[in-house]
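# Geometric and topological summary
Single-letter residue listing:
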Amino acid sequence: MSGFFNTATLTKARITHLSTPKCGACGLYSDCNSPKLAPVHPQGASTLLVFSYPNYYCDEQGVHVLPSSFRRLAAAFREHEITKQDVAITSAVICHPDGDPDEKQIEACLPNLLKVIHDVKPIRILVFGQTAVSSLISHLWQDAAGKESRWWKWCIPSVELNAWVMCFPNLYMLDQDRVPAGLCQVFDEGMRIILSKTKRPWKRTPTDACTLYSEPSAAVDHIEQIIEAGMPCAIDYETNMLKPDGSDARIVCAGICQAGDATIAFPWSSQIATAMKKFVQSPIKKIAANMKFEDRWTRAILGCSVRNFVWDTMQAAHVLDNRPEISGVKFQSFARLGRARYDRKVKPYLASEDSRSPNKIDQLPLPLLLKYCALDNLYEYEIAQQQMREMGYQL
(Lines give C-alpha, C1' and ligand atoms only; values in the text may rest on other atoms or scores of the structure.)
Protein backbone atom coordinates (compact mmCIF):
# COMPACT_ATOMS: atom_id res chain seq x y z
CA MET A 1 0.00 0.00 0.00
CA SER A 2 2.03 2.94 -1.21
CA GLY A 3 0.57 6.36 -1.31
CA PHE A 4 -1.96 7.52 1.54
CA PHE A 5 -2.43 11.13 2.88
CA ASN A 6 -2.53 12.80 6.32
CA THR A 7 -5.64 14.75 7.41
CA ALA A 8 -6.22 17.68 9.73
CA THR A 9 -7.15 17.29 13.40
CA LEU A 10 -10.31 15.22 13.80
CA THR A 11 -13.35 16.25 15.75
CA LYS A 12 -14.49 13.80 18.37
CA ALA A 13 -16.39 10.70 17.31
CA ARG A 14 -19.10 9.33 19.60
CA ILE A 15 -19.60 5.78 20.86
CA THR A 16 -22.71 5.15 22.90
CA HIS A 17 -21.22 2.35 24.95
CA LEU A 18 -18.15 0.22 25.35
CA SER A 19 -18.11 -3.14 27.08
CA THR A 20 -15.73 -6.02 27.68
CA PRO A 21 -15.17 -8.61 24.93
CA LYS A 22 -16.37 -12.09 25.85
CA CYS A 23 -13.35 -14.06 24.69
CA GLY A 24 -13.98 -16.90 27.13
CA ALA A 25 -17.51 -17.45 25.87
CA CYS A 26 -16.35 -17.27 22.24
CA GLY A 27 -13.32 -19.54 22.58
CA LEU A 28 -11.84 -18.91 19.12
CA TYR A 29 -8.60 -17.55 20.60
CA SER A 30 -7.65 -20.99 21.91
CA ASP A 31 -7.53 -22.68 18.51
CA CYS A 32 -5.75 -20.33 16.10
CA ASN A 33 -2.16 -19.31 15.31
CA SER A 34 -2.67 -15.55 15.72
CA PRO A 35 -5.19 -15.08 18.55
CA LYS A 36 -6.69 -11.66 19.26
CA LEU A 37 -5.11 -10.09 16.20
CA ALA A 38 -4.15 -6.51 17.02
CA PRO A 39 -5.38 -3.63 14.86
CA VAL A 40 -3.13 -1.69 12.53
CA HIS A 41 -3.56 1.77 14.01
CA PRO A 42 -1.40 4.61 12.63
CA GLN A 43 -1.78 7.80 14.66
CA GLY A 44 -4.07 10.28 12.97
CA ALA A 45 -5.69 7.77 10.59
CA SER A 46 -9.00 9.04 9.23
CA THR A 47 -9.95 5.85 7.38
CA LEU A 48 -10.75 2.56 9.12
CA LEU A 49 -11.04 -0.72 7.23
CA VAL A 50 -13.15 -3.35 8.98
CA PHE A 51 -12.71 -6.82 7.52
CA SER A 52 -14.85 -9.77 8.56
CA TYR A 53 -12.24 -12.09 10.12
CA PRO A 54 -8.74 -13.44 9.37
CA ASN A 55 -8.95 -16.48 7.09
CA TYR A 56 -6.58 -19.47 7.34
CA TYR A 57 -3.75 -17.77 5.46
CA CYS A 58 -4.16 -14.49 7.35
CA ASP A 59 -4.05 -16.42 10.60
CA GLU A 60 -0.82 -18.11 9.49
CA GLN A 61 0.77 -14.76 8.67
CA GLY A 62 -0.77 -12.73 11.50
CA VAL A 63 -2.49 -10.18 9.25
CA HIS A 64 -6.07 -9.00 8.79
CA VAL A 65 -5.93 -9.18 4.99
CA LEU A 66 -3.53 -10.73 2.48
CA PRO A 67 -1.49 -8.33 0.32
CA SER A 68 -2.74 -10.12 -2.81
CA SER A 69 -6.32 -9.25 -1.87
CA PHE A 70 -5.42 -5.63 -1.14
CA ARG A 71 -4.39 -4.68 -4.66
CA ARG A 72 -7.73 -3.31 -5.83
CA LEU A 73 -8.17 -1.38 -2.59
CA ALA A 74 -4.63 0.00 -2.74
CA ALA A 75 -5.25 1.24 -6.28
CA ALA A 76 -8.35 3.13 -5.11
CA PHE A 77 -6.35 4.70 -2.29
CA ARG A 78 -3.60 5.81 -4.64
CA GLU A 79 -6.20 7.37 -6.95
CA HIS A 80 -7.48 9.46 -4.03
CA GLU A 81 -3.96 10.20 -2.69
CA ILE A 82 -4.57 8.36 0.57
CA THR A 83 -1.40 7.21 2.31
CA LYS A 84 -0.59 4.32 4.65
CA GLN A 85 -0.55 6.63 7.63
CA ASP A 86 -4.15 7.56 6.95
CA VAL A 87 -5.52 4.00 7.14
CA ALA A 88 -6.22 1.82 10.19
CA ILE A 89 -7.18 -1.85 9.83
CA THR A 90 -9.06 -4.30 12.03
CA SER A 91 -11.58 -7.16 11.77
CA ALA A 92 -15.06 -7.68 13.21
CA VAL A 93 -13.84 -11.01 14.64
CA ILE A 94 -10.13 -10.90 15.44
CA CYS A 95 -9.48 -14.64 15.78
CA HIS A 96 -9.56 -17.14 12.91
CA PRO A 97 -12.79 -19.20 13.03
CA ASP A 98 -13.49 -22.64 11.61
CA GLY A 99 -16.01 -21.44 9.04
CA ASP A 100 -18.07 -18.27 9.34
CA PRO A 101 -18.43 -16.97 12.92
CA ASP A 102 -21.84 -17.45 14.50
CA GLU A 103 -23.94 -14.69 16.02
CA LYS A 104 -22.62 -15.23 19.55
CA GLN A 105 -19.00 -15.06 18.38
CA ILE A 106 -19.67 -11.85 16.45
CA GLU A 107 -21.36 -10.30 19.47
CA ALA A 108 -18.57 -11.44 21.79
CA CYS A 109 -15.99 -9.58 19.66
CA LEU A 110 -18.02 -6.41 19.06
CA PRO A 111 -16.43 -4.55 22.03
CA ASN A 112 -13.01 -5.01 20.40
CA LEU A 113 -14.29 -3.33 17.24
CA LEU A 114 -15.96 -0.49 19.13
CA LYS A 115 -12.76 0.16 21.06
CA VAL A 116 -10.78 0.46 17.82
CA ILE A 117 -13.35 2.92 16.46
CA HIS A 118 -13.22 4.86 19.74
CA ASP A 119 -9.41 5.01 19.61
CA VAL A 120 -9.03 5.78 15.90
CA LYS A 121 -11.98 8.21 15.62
CA PRO A 122 -12.16 7.75 11.85
CA ILE A 123 -14.00 9.97 9.40
CA ARG A 124 -14.59 7.04 7.05
CA ILE A 125 -15.31 3.39 7.92
CA LEU A 126 -15.20 0.82 5.13
CA VAL A 127 -16.91 -2.47 6.06
CA PHE A 128 -16.07 -5.63 4.11
CA GLY A 129 -18.10 -8.83 4.05
CA GLN A 130 -21.09 -10.35 5.79
CA THR A 131 -19.56 -10.84 9.25
CA ALA A 132 -18.37 -7.22 9.42
CA VAL A 133 -21.80 -6.01 8.28
CA SER A 134 -23.57 -8.23 10.82
CA SER A 135 -21.33 -6.82 13.55
CA LEU A 136 -21.09 -3.07 12.98
CA ILE A 137 -24.26 -2.30 11.01
CA SER A 138 -26.45 -4.34 13.37
CA HIS A 139 -24.96 -2.41 16.30
CA LEU A 140 -25.42 1.02 14.73
CA TRP A 141 -28.88 0.34 13.34
CA GLN A 142 -30.01 -1.47 16.50
CA ASP A 143 -31.52 -4.28 14.41
CA ALA A 144 -30.36 -7.31 12.47
CA ALA A 145 -28.54 -6.11 9.36
CA GLY A 146 -29.57 -9.04 7.17
CA LYS A 147 -27.75 -9.74 3.91
CA GLU A 148 -24.64 -7.66 3.26
CA SER A 149 -25.76 -6.82 -0.30
CA ARG A 150 -28.68 -4.87 1.18
CA TRP A 151 -26.15 -2.29 2.42
CA TRP A 152 -23.95 -1.92 -0.65
CA LYS A 153 -24.01 1.56 -2.24
CA TRP A 154 -25.25 3.35 0.91
CA CYS A 155 -22.87 5.89 2.42
CA ILE A 156 -24.32 6.09 5.93
CA PRO A 157 -23.81 9.32 7.93
CA SER A 158 -23.75 7.62 11.33
CA VAL A 159 -24.98 9.90 14.10
CA GLU A 160 -23.54 7.65 16.80
CA LEU A 161 -20.02 7.64 15.36
CA ASN A 162 -20.11 10.97 13.51
CA ALA A 163 -18.45 9.10 10.68
CA TRP A 164 -19.33 7.89 7.18
CA VAL A 165 -19.91 4.14 7.01
CA MET A 166 -20.04 2.18 3.76
CA CYS A 167 -20.28 -1.56 3.11
CA PHE A 168 -18.50 -3.53 0.40
CA PRO A 169 -18.26 -7.13 -0.80
CA ASN A 170 -15.60 -9.27 0.83
CA LEU A 171 -12.25 -8.42 -0.80
CA TYR A 172 -11.62 -12.10 -1.51
CA MET A 173 -14.65 -12.09 -3.82
CA LEU A 174 -12.87 -9.44 -5.88
CA ASP A 175 -9.63 -11.44 -6.01
CA GLN A 176 -10.95 -14.28 -8.16
CA ASP A 177 -10.08 -15.03 -11.78
CA ARG A 178 -13.63 -14.31 -12.88
CA VAL A 179 -15.20 -11.51 -10.85
CA PRO A 180 -18.83 -10.61 -11.70
CA ALA A 181 -18.93 -7.19 -13.35
CA GLY A 182 -21.63 -6.08 -10.92
CA LEU A 183 -19.36 -6.61 -7.91
CA CYS A 184 -16.58 -4.56 -9.49
CA GLN A 185 -19.06 -1.77 -10.18
CA VAL A 186 -20.31 -1.84 -6.56
CA PHE A 187 -16.73 -1.65 -5.32
CA ASP A 188 -15.52 1.08 -7.69
CA GLU A 189 -18.58 3.32 -7.27
CA GLY A 190 -18.54 2.85 -3.50
CA MET A 191 -14.87 3.78 -3.30
CA ARG A 192 -15.44 6.97 -5.26
CA ILE A 193 -18.22 7.96 -2.87
CA ILE A 194 -16.66 7.08 0.51
CA LEU A 195 -13.13 8.26 -0.27
CA SER A 196 -14.43 11.66 -1.37
CA LYS A 197 -15.72 12.25 2.18
CA THR A 198 -13.09 14.39 3.89
CA LYS A 199 -15.23 15.92 6.65
CA ARG A 200 -17.46 14.38 9.28
CA PRO A 201 -21.16 14.14 8.42
CA TRP A 202 -22.34 16.18 11.42
CA LYS A 203 -21.00 19.51 12.69
CA ARG A 204 -23.30 19.03 15.68
CA THR A 205 -25.50 16.17 16.83
CA PRO A 206 -28.99 16.40 15.24
CA THR A 207 -31.60 17.29 17.85
CA ASP A 208 -34.65 16.00 15.94
CA ALA A 209 -36.76 18.60 17.73
CA CYS A 210 -40.49 17.89 17.82
CA THR A 211 -43.51 19.43 19.53
CA LEU A 212 -45.81 16.89 21.18
CA TYR A 213 -49.32 18.06 22.04
CA SER A 214 -51.44 16.26 24.61
CA GLU A 215 -54.27 18.82 24.43
CA PRO A 216 -56.26 18.97 21.17
CA SER A 217 -56.92 22.73 21.33
CA ALA A 218 -53.23 23.65 21.18
CA ALA A 219 -52.64 21.20 18.35
CA VAL A 220 -55.60 22.61 16.42
CA ASP A 221 -54.13 26.12 16.64
CA HIS A 222 -50.81 24.83 15.28
CA ILE A 223 -52.53 22.94 12.44
CA GLU A 224 -54.34 26.17 11.48
CA GLN A 225 -50.99 27.98 11.37
CA ILE A 226 -49.56 25.24 9.13
CA ILE A 227 -52.52 25.54 6.74
CA GLU A 228 -52.13 29.33 6.61
CA ALA A 229 -48.38 29.07 5.91
CA GLY A 230 -49.01 26.75 2.96
CA MET A 231 -45.56 25.12 3.02
CA PRO A 232 -44.94 21.49 1.93
CA CYS A 233 -45.61 18.94 4.69
CA ALA A 234 -45.17 15.28 5.52
CA ILE A 235 -48.16 13.55 7.09
CA ASP A 236 -48.44 10.31 9.08
CA TYR A 237 -51.11 8.44 11.06
CA GLU A 238 -50.77 5.86 13.81
CA THR A 239 -53.80 3.57 13.97
CA ASN A 240 -55.18 0.70 16.04
CA MET A 241 -55.07 -1.70 13.07
CA LEU A 242 -53.56 -1.83 9.60
CA LYS A 243 -56.74 -1.41 7.55
CA PRO A 244 -59.69 0.91 8.33
CA ASP A 245 -62.48 -1.49 7.36
CA GLY A 246 -63.69 -2.58 10.80
CA SER A 247 -66.28 -0.71 12.86
CA ASP A 248 -63.73 -0.26 15.66
CA ALA A 249 -60.94 1.05 13.39
CA ARG A 250 -59.46 4.29 14.79
CA ILE A 251 -56.74 6.80 14.12
CA VAL A 252 -55.00 7.08 17.50
CA CYS A 253 -52.63 9.93 16.73
CA ALA A 254 -51.25 11.88 13.80
CA GLY A 255 -48.34 14.11 12.94
CA ILE A 256 -47.24 16.76 10.47
CA CYS A 257 -43.75 17.92 9.53
CA GLN A 258 -43.83 21.41 8.03
CA ALA A 259 -41.01 21.90 5.53
CA GLY A 260 -38.56 20.07 7.83
CA ASP A 261 -38.58 23.03 10.24
CA ALA A 262 -41.49 22.31 12.58
CA THR A 263 -42.72 18.82 13.46
CA ILE A 264 -45.79 18.16 15.59
CA ALA A 265 -47.70 15.10 16.81
CA PHE A 266 -51.01 14.93 18.64
CA PRO A 267 -53.67 12.45 19.81
CA TRP A 268 -56.77 12.13 17.64
CA SER A 269 -60.07 13.71 18.73
CA SER A 270 -63.18 15.23 17.17
CA GLN A 271 -61.51 18.68 17.27
CA ILE A 272 -58.41 17.28 15.58
CA ALA A 273 -60.54 15.51 12.96
CA THR A 274 -62.12 18.82 11.91
CA ALA A 275 -58.74 20.55 11.65
CA MET A 276 -57.13 17.62 9.84
CA LYS A 277 -59.95 17.44 7.31
CA LYS A 278 -59.24 21.06 6.48
CA PHE A 279 -55.52 20.29 6.26
CA VAL A 280 -55.80 17.24 3.98
CA GLN A 281 -58.17 19.11 1.64
CA SER A 282 -55.89 22.14 1.45
CA PRO A 283 -53.64 22.70 -1.62
CA ILE A 284 -50.52 22.18 0.52
CA LYS A 285 -48.08 19.78 -1.15
CA LYS A 286 -48.01 16.59 0.92
CA ILE A 287 -45.48 13.81 1.43
CA ALA A 288 -45.98 10.35 2.90
CA ALA A 289 -44.35 6.95 3.13
CA ASN A 290 -46.75 4.50 1.48
CA MET A 291 -49.32 7.21 0.82
CA LYS A 292 -52.12 4.74 0.12
CA PHE A 293 -52.22 4.05 3.87
CA GLU A 294 -52.91 7.68 4.80
CA ASP A 295 -55.28 8.13 1.86
CA ARG A 296 -57.33 5.04 2.71
CA TRP A 297 -57.62 5.98 6.38
CA THR A 298 -58.51 9.58 5.46
CA ARG A 299 -61.32 8.36 3.24
CA ALA A 300 -62.63 6.03 5.94
CA ILE A 301 -62.41 8.39 8.94
CA LEU A 302 -62.76 11.88 7.43
CA GLY A 303 -64.87 11.02 4.39
CA CYS A 304 -62.56 12.67 1.88
CA SER A 305 -59.31 11.95 0.04
CA VAL A 306 -55.95 13.64 0.58
CA ARG A 307 -55.47 16.51 -1.84
CA ASN A 308 -52.15 17.16 -3.55
CA PHE A 309 -49.99 14.22 -2.54
CA VAL A 310 -46.75 14.95 -4.41
CA TRP A 311 -44.26 12.40 -3.04
CA ASP A 312 -44.18 8.89 -1.65
CA THR A 313 -40.80 7.99 -0.13
CA MET A 314 -41.42 4.26 -0.52
CA GLN A 315 -42.27 4.52 -4.22
CA ALA A 316 -39.32 6.83 -4.81
CA ALA A 317 -37.02 4.37 -3.00
CA HIS A 318 -38.14 1.64 -5.41
CA VAL A 319 -37.50 3.87 -8.41
CA LEU A 320 -34.01 4.82 -7.22
CA ASP A 321 -33.00 1.31 -6.13
CA ASN A 322 -35.19 -1.76 -6.70
CA ARG A 323 -33.42 -4.05 -4.23
CA PRO A 324 -35.75 -5.69 -1.68
CA GLU A 325 -36.04 -4.61 1.97
CA ILE A 326 -34.71 -1.07 1.55
CA SER A 327 -37.78 1.09 0.89
CA GLY A 328 -39.17 1.42 4.43
CA VAL A 329 -38.72 4.57 6.50
CA LYS A 330 -36.75 2.75 9.22
CA PHE A 331 -34.16 1.52 6.71
CA GLN A 332 -34.04 4.75 4.75
CA SER A 333 -33.71 6.89 7.88
CA PHE A 334 -30.60 4.93 8.85
CA ALA A 335 -29.07 4.55 5.39
CA ARG A 336 -29.67 8.21 4.45
CA LEU A 337 -29.84 10.03 7.80
CA GLY A 338 -27.73 7.83 10.07
CA ARG A 339 -30.52 7.38 12.64
CA ALA A 340 -30.77 4.09 14.53
CA ARG A 341 -34.15 2.39 14.72
CA TYR A 342 -36.45 4.54 16.79
CA ASP A 343 -39.38 2.12 16.91
CA ARG A 344 -37.93 -0.61 19.14
CA LYS A 345 -40.15 0.24 22.13
CA VAL A 346 -43.20 0.85 19.96
CA LYS A 347 -43.02 -1.94 17.38
CA PRO A 348 -44.40 -4.80 19.57
CA TYR A 349 -47.53 -2.75 20.29
CA LEU A 350 -48.24 -2.09 16.60
CA ALA A 351 -48.33 -5.76 15.62
CA SER A 352 -51.64 -7.62 15.33
CA GLU A 353 -52.90 -11.03 14.24
CA ASP A 354 -54.04 -9.74 10.85
CA SER A 355 -54.67 -6.45 9.06
CA ARG A 356 -58.18 -6.04 10.49
CA SER A 357 -57.47 -7.07 14.08
CA PRO A 358 -56.72 -4.49 16.78
CA ASN A 359 -53.13 -4.03 17.92
CA LYS A 360 -52.00 -2.94 21.39
CA ILE A 361 -51.33 0.71 20.57
CA ASP A 362 -53.61 1.90 23.39
CA GLN A 363 -51.24 0.33 25.92
CA LEU A 364 -48.40 2.62 24.86
CA PRO A 365 -47.62 5.69 26.98
CA LEU A 366 -48.88 8.67 24.98
CA PRO A 367 -45.57 10.64 25.02
CA LEU A 368 -43.73 7.61 23.61
CA LEU A 369 -46.29 7.11 20.85
CA LEU A 370 -46.33 10.80 19.93
CA LYS A 371 -42.53 10.96 19.79
CA TYR A 372 -42.48 7.95 17.47
CA CYS A 373 -45.14 9.50 15.22
CA ALA A 374 -43.29 12.82 15.13
CA LEU A 375 -39.99 11.18 14.15
CA ASP A 376 -41.76 9.25 11.40
CA ASN A 377 -42.93 12.58 9.97
CA LEU A 378 -39.60 14.34 10.34
CA TYR A 379 -37.58 11.54 8.76
CA GLU A 380 -40.11 11.08 5.95
CA TYR A 381 -39.67 14.73 5.02
CA GLU A 382 -35.86 14.59 5.18
CA ILE A 383 -35.77 11.37 3.16
CA ALA A 384 -38.07 12.90 0.55
CA GLN A 385 -35.80 15.95 0.23
CA GLN A 386 -32.80 13.74 -0.55
CA GLN A 387 -34.77 11.63 -3.02
CA MET A 388 -36.08 14.72 -4.81
CA ARG A 389 -32.56 16.09 -5.25
CA GLU A 390 -31.40 12.77 -6.69
CA MET A 391 -34.36 12.61 -9.09
CA GLY A 392 -34.26 16.27 -10.12
CA TYR A 393 -37.62 17.20 -8.60
CA GLN A 394 -38.35 20.49 -6.85
CA LEU A 395 -41.31 21.23 -4.57
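Per chain, residue numbering runs from 1 following the sequence as it is written. Note on the predicted model: pLDDT of at least 70 is required for a residue's local features to be given, and 80 or more for side-chain atom pairs to be given and counted; whole-chain, interface and lining totals, by contrast, use all residues. Here the side-chain values reflect all heavy atoms present in the structure, with hydrogen atoms and water set aside.

### Comments concerning the overall build of the protein
Strands are runs of DSSP state E lasting at least two residues, helices are runs of H or I lasting at least four, and both sets are numbered from the N terminus onward. Within the protein, the regular secondary structure consists of 13 helices and 11 strands. Here the radius of gyration uses the C-alpha set of atoms, whereas the globule reference equals 2.2 Å times the residue count to the power 0.38. Its C-alpha atoms give the protein a radius of gyration of 24 Å, within 12% of the compact-globule value 21 Å for 395 residues. Considering only C-alpha atoms, the protein reaches an extent of 70 × 45 × 40 Å along its principal axes. Going through the 395 residues of the protein one by one, you find that 53% of them count as buried. Any two residues whose heavy atoms approach within 4.5 Å at even a single point are treated as in contact. The long-range fraction of contacts in the protein, counting pairs at least 24 apart against all pairs at least 6 apart in sequence, stands at 74%. Under the convention used here, a 1.4 Å probe and the Shrake-Rupley method define accessible areas, while residue burial counts only the protein chains that appear. As presented, the protein carries roughly 18,400 Å² of accessible surface, and 49% of it is formed by carbon and sulfur atoms. Averaging the locations of the 44 positively and 42 negatively charged side chains of the protein gives two centres separated by 4 Å. The buried label goes to any residue with under 20% of its type's maximum accessible area, the exposed label to any with over 50%, and the partly exposed label to all in between, with areas taken from a 1.4 Å probe on protein chains only. Positive charge is attributed to Lys and Arg, negative charge to Asp and Glu, and no charge count is given to His or to the chain ends. To locate a charge, take NZ of a lysine, CZ of an arginine, CG of an aspartate or CD of a glutamate.

### Regarding the packing of aromatic side chains
Note on aromatic contacts: the rings of Phe and Tyr and the six-membered ring of Trp form a pair at centre separations within 6.5 Å, being stacked when their planes are under 30 degrees apart, edge-to-face when over 60 apart, and tilted otherwise. Considering all chains together, one arrives at 16 aromatic pairs under this definition. Here the aromatic rings of W141 and F331 are separated by 6.1 Å at their centres, their planes lie at 85 degrees, and the arrangement is edge-to-face. Remark: F331 occurs in helix α11 (residues 329-337) and W141 occurs in helix α5 (residues 130-141); sequence separation between them is 190 residues. A single burial state applies to W141 and to F331, both of which are buried. One aromatic cluster in this structure is built from W141, W151, W154, F331 and F334.

### Some details on the layout of surface pockets
Roughly 900 Å³ of internal volume is contained in the largest pocket. For the lining of the largest pocket, the secondary structure elements donating two or more residues are β7 (233-239), α9 (291-302), α11, α12 (347-350) and α13 (366-391). Looking at the lining of the largest pocket, the element that brings in the most residues is β7, giving 4 residues. Put simply, Ala, Val, Leu, Ile, Met, Phe, Trp, Tyr, Cys and Pro go in the nonpolar bin, Asp, Glu, Lys and Arg in the charged bin, and everything else, Gly too, in the polar bin. Grouping the constituent residues of the lining of the largest pocket by class yields 12 nonpolar, 6 polar and 12 charged. Considered as a void within the structure, the second largest pocket measures approximately 320 Å³ in volume. Forming the boundary of the second largest pocket are 14 residues, of which E103, I106, E107, S134 and S138 lie nearest the centre. Contributing elements (two or more residues each) for the lining of the second largest pocket: α4 (103-120) and α5. By residue number, the principal contributor to the lining of the second largest pocket is α4, which donates 6 residues. Of the residues that constitute the lining of the second largest pocket, the class distribution is 5 nonpolar, 6 polar and 3 charged. The distinction between a cavity and a pocket rests on a 1 Å grid over the protein atoms alone: a 1.4 Å probe fits inside a cavity but cannot get out, while a pocket stays open yet meets protein on both sides within 12 Å along at least five of seven lines, and a residue with an atom within 4 Å of a point counts as lining. Grid points are joined across faces, edges and corners, and a volume is the space filled by probe spheres set on the points.

### Quick word on the side chain of S282
Tracing the chain through its elements places S282 in the loop between α8 (270-280) and β10 (286-288). When near neighbours in sequence (up to four residues on either side) are disregarded, S282 contacts I227 and R307.

### Brief notes about the sheet that holds strand β5 (residues 163-168)
DSSP-based pairing: two strands are paired if at least 2 bridges between them are found. Here we have 5 strands laid out as an open sheet, ordered β2-β1-β3-β5-β4, and mixed in their pairing. Among the strands making up the open sheet, the edge pair consists of β2 (87-91) and β4 (155-158). On average, adjacent strands in this sheet sit at an angle of 20 degrees to one another, irrespective of strand direction. Whenever a helix is involved, its axis is fitted only over the stretch in contact; in every case the axis is a line through C-alpha atoms, and angles between N-to-C directions fall within 0 to 180 degrees.

### Some details on empty space enclosed by the protein
The tally for this structure, following the rule as stated, stands at 2 cavities of 30 Å³ or more. Considered as a void within the structure, the largest cavity measures approximately 100 Å³ in volume. C23, C26, C95, C109 and N112 are the residues nearest the centre of the largest cavity, which is lined by 14 residues in total. Where the lining of the largest cavity is concerned, the elements lending two or more residues are α1 (23-26) and α4. It is α4 that contributes the most residues to the lining of the largest cavity, 4 residues altogether. Here the lining of the largest cavity is composed, by residue class, of 10 nonpolar, 2 polar and 2 charged. Taken together, F51, S52, H64, F128, N170, L171 and Y172 make up the full set of residues lining the second largest cavity.

### Considering the packing of α11 against α13
Contact pair α11 / α13: the axes reach a minimum separation of 10 Å and the direction vectors enclose 60 degrees. Overall, the two elements α11 and α13 adopt an arrangement that is oblique. Here α11 and α13 pass one another in a crossing that is left-handed. Contacts from V329, K330, Q332, S333, R336 and L337 of α11 reach α13 at Y372, D376, Y379, E380, E382, I383, Q386, Q387 and E390. Per-class residue counts for the contact of α11 with α13 are 5 nonpolar, 4 polar and 6 charged. Here roughly perpendicular refers to angles of 65 to 115 degrees, roughly parallel to angles under 35, roughly antiparallel to angles over 145, and oblique to all remaining angles. Here a crossing is called left-handed whenever its near helix is offset anticlockwise from the far helix by less than a right angle, and right-handed whenever the offset is clockwise.

### Focus: the sheet that holds strand β8 (residues 251-258)
Across the sheet, 6 strands lie side by side as β6-β9-β8-β7-β10-β11; this open sheet has mixed pairing. Two strands close off the open sheet at either side, each with one partner strand: β6 (211-212) and β11 (309-312). As paired strands, β8 and strand β9 (residues 262-267) are joined by 6 bridges and run antiparallel to one another. Bridge pairing in β9 links I256 to I264. Relative to the sheet, helix α10 (residues 313-320) contacts β10 and β11, its axis offset from that of β11 by approximately 55 degrees. Contacts from α13 reach β6, β7, β8, β9, β10 and β11 within the one sheet, and its direction differs from that of β7 by about 140 degrees.

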